[in-house]
Amino acid sequence: MKVQEISILLFVAVIQYFLWTVRHTALTTVLSKYYKLSVLQIGLCYSPAGIGILISVVGTGKYLNWINRLKYKKYTKWLKEKEDLLNDKYNDRETVKNIMENDPYCSINLVEARMSSAFLTLLVGVVSYIAYGWCLNAKTPLVSLLVTSDFASIFSNCILTILIVDLFPSHASTRTGCLNLFKCSYSALFIGCLKLMV
């Protein structure tokens with residue numbers, strides 16, 4: 001991966017974490033101001049988000065395993081077809097084996113496999129945040145606000161951290177630390193701006 005791809009990944013992670021943090025920040029204000037809830041009731045309203053994060057932690061691994069099995073099955077089928085074509089062309093097993101081992105086109109594209117799995121969760125997460133924002137603005141019943149909050153939590157955590165670790169397994173802690181530093185720094189900056197707007 002190039003610096004440009006890492007920058008895009010960091011940018012997406014920053015926006016995603018910022019939305020997650022703003023949701024937490026806005027929830028307290030909205031629940032006390034518009035829904036007239038007590039401090040204890042507001043605290044209980046964070047439970048769906050917590051449950052969503054728990055589901056996210058377990059579910060992300062299961063989801064990625066399922067996607068990986070599908071991608072690997074498709075890849076092995078394609079690789080077998082490629083090997084058969086090369087065997088027909090060269091009629092020499094050693095030459096075909098050498099081509100298959102040294103041609104980067106024949107190796108699995110980990111970036112494509114991971115990015116395609118991340119895209120769906122990011123899309124559902126963004127749609128959940130938009131629905132959450134609409135619920136806040138429209139002052140909908142509390143249940144709809146908590147359900148969209150839960151969905152936003154389910155689909156906004158874990159996937160990009162796992163993607164970073166999978167793409168850079170030899171530098172996993174450094175890359176994860178960099179990701180967290182970016183997420184927290186920019187989120188603090190955006191929350192400061194939000195505080196000025198409210």
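Model, not experiment: these values are computed from the prediction.

The interhelical angle for the contact between helix α3 (residues 47-90) and helix α5 (residues 110-138), taken along N-to-C directions, is 135 degrees, at an axis separation of 10 Å. Comparing the axis directions of α3 and α5 gives the class oblique. As α3 packs across α5, the resulting crossing turns out to be right-handed. On the side of α3, the interface is formed by Y63, L64, I67, N68 and K71, while α5 contributes E112, A113, R114, S116, S117, L120 and T121. Residues belonging to the contact of α3 with α5 are distributed by class as follows: five nonpolar, four polar and three charged.

Glancing now at the environment of A13. Assignment of secondary structure puts A13 in helix α1 (residues 3-33). C-alpha separation for the pair A13 and Y90, spaced 77 residues apart in sequence, amounts to 47 Å. Among all residues touching A13, those that are not within four sequence positions of it are L160, L179 and K183.

Turning our eyes to something else, we now look at the confidence of the model for the protein. Across the protein, the average pLDDT comes to 83, with 96% of residues at 70 or higher. Mean pLDDT across the elements of the protein ranges from a minimum in helix α7 (residues 159-167), with 78, to a maximum in helix α2 (residues 39-45), with 91.

Time to look at the packing of aromatic side chains. Following the criterion strictly, the structure yields six aromatic pairs and no others. A centroid spacing of 6.4 Å and a plane angle of 40 degrees characterise the contact between Y186 and F190, whose relative ring orientation is tilted. Separated by four residues within a single helix, Y186 and F190 lie in helix α8 (residues 172-197), roughly one turn from each other. On the basis of relative accessibility, which here comes to 38%, the residue Y186 falls in the partly exposed class. A connected cluster of aromatic rings, assembled from ring pairs, spans F18, F182, Y186 and F190.

Quick notes on the rules
- Numbers given for residues are sequential positions, taken from 1 along each chain in its written order.
- Whole-chain, interface and lining totals are the exception, using all residues; otherwise, since this is a predicted model, local features are given only for residues with pLDDT of at least 70 and side-chain atom pairs are given and counted only at 80 or more.
- Excluded from the side-chain calculations are hydrogens and water; all other atoms, namely the structure's heavy atoms, are used.
- Axis definition: a line fitted to C-alpha atoms, limited for helices to the stretch in contact. Angles are taken between N-to-C directions and run from 0 to 180 degrees.
- In this text, helices come from DSSP runs of H or I with a minimum length of four residues, and strands from runs of E with a minimum of two, each type numbered from the N-terminal end.
- Throughout this description, any angle smaller than 35 degrees is read as roughly parallel, any larger than 145 degrees as roughly antiparallel, any in the 65 to 115 degree range as roughly perpendicular, and the remainder as oblique.
- If you view the pair so one helix is near and one far, a crossing is left-handed when the near helix is turned anticlockwise from the far one by less than a right angle, and right-handed when it is turned clockwise.
- Note on contacts: a residue pair qualifies if any of its non-hydrogen atoms lie within 4.5 Å across the two residues.
- All amino acids are sorted into three groups, where Ala, Val, Leu, Ile, Met, Phe, Trp, Tyr, Cys and Pro are nonpolar, Asp, Glu, Lys and Arg are charged, and the leftover types, Gly among them, are polar.
- Within a predicted model, pLDDT stands for the predictor's per-residue confidence, ranging from 0 to 100.
- Side-chain rings of Phe, Tyr and Trp (the six-membered ring for Trp) are treated as a pair once their centres are within 6.5 Å; stacked means planes under 30 degrees apart, edge-to-face means over 60, and tilted covers the remaining angles.
- Exposure categories follow from relative accessible area, calculated using a 1.4 Å probe and restricted to protein chains: below 20% of the type maximum is buried, above 50% is exposed, and the middle band is partly exposed.

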